[in-house]
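An overview of the molecular structure
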Amino acid sequence: MITVILPCAGRGERFGGEIPKQFKELKGVPIFIRTMKVFEEHPQCSCIVLAVDKLYKKFVEEKIKEFGIKKVYALTEGGKTRQESVYHAVKASPEKTELFLVHDAVRPFIDKTLISRLVKEVESFDAVIPALPVRDALVFAEEERLKRPIPREGLFLVQTPQAVKAQILRKCLERAKSEGLSFPDESSLLHHYGYEVKLIAGSIFNIKITYPEDFILAESFISK
């Protein structure tokens, strides 16, 4: 059984606006709904669990009903960090879950082919994540002054969904909680505890809507 985890409790402070960015409408459809629809239509994804700020729980429930999303298994309370939200969502997931796909709610252009590749590849690894090699030149700077260039060979931009075997993710989350540790994503969490994480090619269209200009780009994707 594959359970999709959507941390959906972020405040979107970098994006700005009256409501968190995941709830903003993109061509008439909330971003988080567009994201869920991809997993809703993927035959291998059994259910979806969302971690949501309690202030927006009713709003989320209404939108799920309005857009006919059927695979939602549970809404659970979001945490102060992404890891805490994922922890709550994992705890609220079906016990028979064998694989978790943890995905950013603000990446609405994930495609079904990439999901299928992740599910296939994770059969042989503890976890599999999509990533893109860094294309641009990199530098380290302090106080707006370039200090040194950074070689980009071997550097990747990490995306989601991150596919993790359920037993391993549960174990790592519990351990990190007991040790008071926090990590930015599941791959970092697993790597810390010695598990092997496989990288596969991500998609340049699998953008994360973080800033207002990302929203403009997302609108152009839909228009074209």
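Quick note: structure is the one above.
Described below are features of the structure shown in this document. The structure displayed is predicted, hence computed values, not measured ones.

Turning our eyes to something else, we now look at the nonpolar core. Grouped together as the largest cluster of nonpolar side chains are 32 residues, with contacts concentrated most on Phe32, Met36, Phe39, Leu50, Ile64, Leu101 and Ile115. Taken together, the elements giving at least two residues each to this core come down to strand S1 (2–8), helix H1 (31–41), strand S4 (47–52), helix H2 (57–66), strand S6 (99–102) and helix H4 (112–121). For phenylalanine 39, the contacting residues outside a window of four places in its chain are Val4, Cys45, Ile48, Lys71, Leu101, His103, Ile110, Ile115 and Pro161. By size, the runner-up hydrophobic cluster in this structure holds 22 residues, among which are Ala51, Ile168, Leu189 and Tyr193.

Per the counting criterion, the structure on display carries 0 disulfides. The thiol sulfur of cysteine 45 is not disulfide-bonded, and the nearest other cysteine sulfur, from cysteine 47, lies at 9.3 Å. Take cysteine 45: its relative accessible area is 2%, and that puts it in the buried class.

With respect to the helices, strands and loops of the structure, glutamate 40 is situated in helix H1. At 5.9 Å, lysine 71 is the nearest oppositely charged side chain to glutamate 40, a buried residue that forms no salt bridge. In this view, glutamate 40 contacts Ile48, Gly68, Ile69, Lys70 and Lys71; residues no more than four positions away in its chain are not counted.

Taken as a whole, this structure holds 9 salt bridges when the rule is applied. Residues glutamate 66 and lysine 63 are paired through a salt bridge, measuring 3.2 Å at the closest nitrogen-oxygen approach. A residue pair is termed a helical-turn pair when its members lie 3 or 4 positions apart in one helix, as glutamate 66 and lysine 63 do in helix H2 at 3 residues. Look at glutamate 66 and you get exposed, because its relative accessible area is 51%.

Between helix H3 (residues 82–91) and helix H5 (residues 166–179), the least distance of the axes is 10 Å, while the angle of their chain directions is 130°. Taken as axis vectors, H3 and H5 run oblique relative to one another. The two elements H3 and H5 cross, and the hand of that crossing is left-handed. When H3 is examined against H5, the residues Gln83, Val86, Tyr87, Val90 and Lys91 are found in contact with a partner set consisting of Leu169, Arg170, Leu173, Glu174, Ala176 and Lys177.

Attention shifts here to H5. Since there are 3.6 residues in each turn of an α-helix, residues three or four apart along the chain are aligned in direction. Along its 14 residues, H5 runs 20 Å from first to last C-alpha, staying within 8% of the 20 Å computed at 1.5 Å per residue. Buried within H5 are the following residues: Ala166, Ile168, Leu169, Cys172, Leu173 and Ala176. Down the axis of H5, the buried set is contained in an arc of 160°. They therefore lie on one face. In H5, those exposed residues whose orientation departs by more than 90 degrees from the buried face are Gln167 and Ser178. Of the surrounding elements, those touching the buried residues of H5 are H3, S6, strand S11 (162–165) and helix H6 (186–192). Positioned one or two residues after H5, glycine 180 has a phi angle of 70°, which is positive.

The rules behind these values
- The numbers attached to residues start from 1 for each chain and follow its sequence in the written order.
- Since the coordinates come from a predicted model, pLDDT governs what is reported: local features require at least 70, and pairs of side-chain atoms require 80 or more to be given and counted, while whole-chain, interface and lining totals use all residues.
- Neither water nor hydrogens contribute to the side-chain values; these are computed over all heavy atoms in the structure.
- Residues enter a nonpolar core if they are buried and are Ala, Val, Leu, Ile, Met, Phe, Trp, Tyr or Cys, with the set joined through side-chain atoms within 4.5 Å.
- Only protein chains enter the accessibility calculation, which uses a 1.4 Å probe; a residue is then buried when its area is under 20% of its type maximum, exposed when over 50%, and partly exposed in between.
- Helix and strand assignments come from DSSP, with helices taken as H or I runs of at least 4 residues and strands as E runs of at least 2, each series counted from the N terminus.
- By definition, residues are in contact when any of their heavy atoms lie within 4.5 Å.
- Note on disulfides: each one is a pair of cysteine sulfur atoms within 2.5 Å.
- The charged-residue count follows a simple rule in which Lys and Arg add positive charge and Asp and Glu add negative charge, with His and chain termini not counted at all.
- A side-chain nitrogen of Lys or Arg and a carboxyl oxygen of Asp or Glu constitute a salt bridge if their distance falls within 4 Å.
- Comment: axis = line fitted to C-alpha atoms, over the contacting stretch for helices; angle = value between 0 and 180 degrees taken between N-to-C directions.
- Each angle gets one of four labels, with under 35 degrees taken as roughly parallel, over 145 as roughly antiparallel, 65 to 115 as roughly perpendicular, and the rest as oblique.
- In this scheme the handedness of a crossing depends on how the near helix is turned from the far one: anticlockwise by less than a right angle means left-handed, clockwise means right-handed.
- A helix is expected to span 1.5 Å multiplied by its residue count minus one.
- Read the arc as the range of directions from the helix axis to the C-beta atoms.

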